[in-house]
Amino acid sequence: RIGCVRSYMPKAPPLLDPFKKPASEPNPPTSALLVYNPAGGKKRAAKLADTIVLPLLKQAGIAVTVETTKHAGHGVELGRTLDLSSVDALLVMGGDGTLGEVLDGFLSRDDGAAARTTVGFIPAGTGNSYMREVLGVPASGAAVGAAVHAAVEAIVGGRSRAVDCQQLDMTGLDGKPLRRCSINTVMAGFGPDANAVAERRRWLGSMRYSVSIKTEILKLPWRKKLPCSLSVDGGSPQEMEDLFLFSCFVNKHTGVRHRLAPYAQLDDGLLDLAYTTRPLRSIATAAKVDEMIKGGGKHVHATSLLNVQQASRVRLETDTPARLMVDGDII
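Here we summarise the structure given alongside this text. (Residues numbered from 1 in each chain as written. Predicted model: local features only at pLDDT ≥ 70, side-chain atom pairs only at ≥ 80, totals over all residues. Heavy atoms only, no water.)

### Topic: the environment of A46
At step 1: Mapped onto the elements of the fold, A46 is located in helix α2 (residues 45-59).
At step 2: Among the residues examined, A46 registers a relative accessible area of 24% and is labelled partly exposed.
At step 3: In this structure, the C-alpha to C-alpha distance between A46 and G94, residues 48 residues apart in sequence, is 9.8 Å.
At step 4: If we ignore the near neighbours within four places in the chain, the residues touching A46 are Y36 and P38. (Helix = DSSP H or I, 4+ residues; strand = E, 2+ residues; numbered from the N terminus. Buried < 20%, exposed > 50% of the residue type's maximum accessible area, 1.4 Å probe, protein only. Contact = heavy atoms within 4.5 Å.)

### Observations concerning the sheet that holds strand β9 (residues 238-240)
At step 1: Read from one edge to the other, the open sheet built from three strands follows the order β9-β8-β15, with strand pairing classed as antiparallel. The open sheet has two edge strands, β9 and β15 (314-318), and neither has a second partner. Going across the sheet, the axis of each strand differs from the next one's by a mean of 20 degrees, ignoring polarity.
At step 2: Strand direction decides the pairing type here: strand β8 (residues 228-232) and β9, joined by three bridges, are antiparallel. Looking across to β9, one finds that S229 is bridged to E239. (Pairing = 2+ DSSP bridges. Axes fitted to C-alpha atoms, helices over the stretch in contact; angles between N-to-C directions.)

### Overview of the pairing of β8
At step 1: In terms of residue burial, β8 counts as a mostly covered element, since five of its five residues are buried.
At step 2: The alternating pattern of β8 places C228, L230 and V232 on one face and S229 and S231 on the opposite face, and all of these are buried.
At step 3: What sits between the antiparallel neighbours β8 and β9 is a turn of five residues, in which D233 has the positive phi angle 50 degrees.
At step 4: As judged from the five bridges shared by β8 and β15, these two strands associate in the antiparallel manner. Its bridge partner lying in β15, S229 is registered against E317.

### Some details on the side chain of D104
At step 1: Mapped onto the elements, D104 comes out in helix α4 (residues 96-106).
At step 2: Looking at D104, its side chain comes within polar contact range of the main-chain nitrogen of C181, at 2.5 Å.
At step 3: Discounting residues that sit within four places of it in the chain, D104 has contacts with V76, R179, R180 and C181. (Polar contact = N/O pair within 3.5 Å; in protein donor to acceptor, adjacent residues only side chain to side chain.)

In structure tokens form, the structure reads like this:
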């Protein structure tokens with residue numbers, strides 16, 4: 001006799017709209033300053049700028065000045081020092097890291113430019129997770145060209161939105177205060193470790209994230225512990241023997257497929273947290289969690305291992321210096 005066994009398969013949370021609030025009325029820019037990373041997206045950013053972005057902007061009658069980033073961290077300097085007095089919009093073209101760098105410098109200005117200048121983002125990196133969320137279309141691989149078109153059309157249309165940003169106040173390795181802003185993702189623990197490996201595999205394109213996560217999971221039994229203290233919204237600190245995963249997101253995704261923060265919306269005024277509440281050394285368990293995250297955020301049901309919540313303020317203290325990943329960059 002053949003029987004049938006039913007098992008409970010958790011469902012992914014519903015996919016929320018990226019925004020809660022409506023866009024502004026149209027106010028198209030007449031002048032703009034475009035900053036881009038010529039090495040972004042395996043060096044195709046320059047080609048996209050010349051063949052799509054600049055022609056479409058000029059066709060719309062927008063006067064454009066161009067600046068390119070020359071080295072890591074240059075985007076922060078440009079965002080902080082560029083003369084924006086004669087432009088309506090600052091346009092940033094690149095991957096998540098370039099967007100985060102320029103925005104970090106832009107928000108630290110004291111000349112009032114951050115209040116009067118609209119910022120436009122154009123995806124030209126490898127993952128482009130933030131712009132995929134904003135545009136609602138694929139923004140990596142072969143889809144980048146179409147995503148660039150969609151972003152420029154939105155800029156030309158002149159509708160804007162106020163979006164969330166998180167401020168990080170840290171202690172650097174030199175013991176001095178360090179401040180960064182993030183519009184996308186902040187991670188500690190396994191995430192930055194895997195991303196550091198992925199950076200050495202850029203030749204794999206967007207696949208490097210998934211490949212590196214899998215190879216680093218195989219090393220899990222030998223991973224060094226990360227003891228920490230975590231408090232949320234001023235609550236009592238939680239002492240943790242080993243923080244395997246910590247994410248504090250504005251956006252839903254990291255990489256291409258990992259929906260770590262399924263309840264996040266870009267303008268809800270909240271941070272979306274996900275963190276492990278106990279040590280994780282099992283390769284099989286870590287692989288299962290990875291599949292649940294890639295399965296649309298099913299990890300929200302793994303309450304015996306993970307805590308997923310929203311907050312306004314988070315304090316994370318580690319016993320020893322630890323890596324942080326801020327909008328794709330390792331600190």
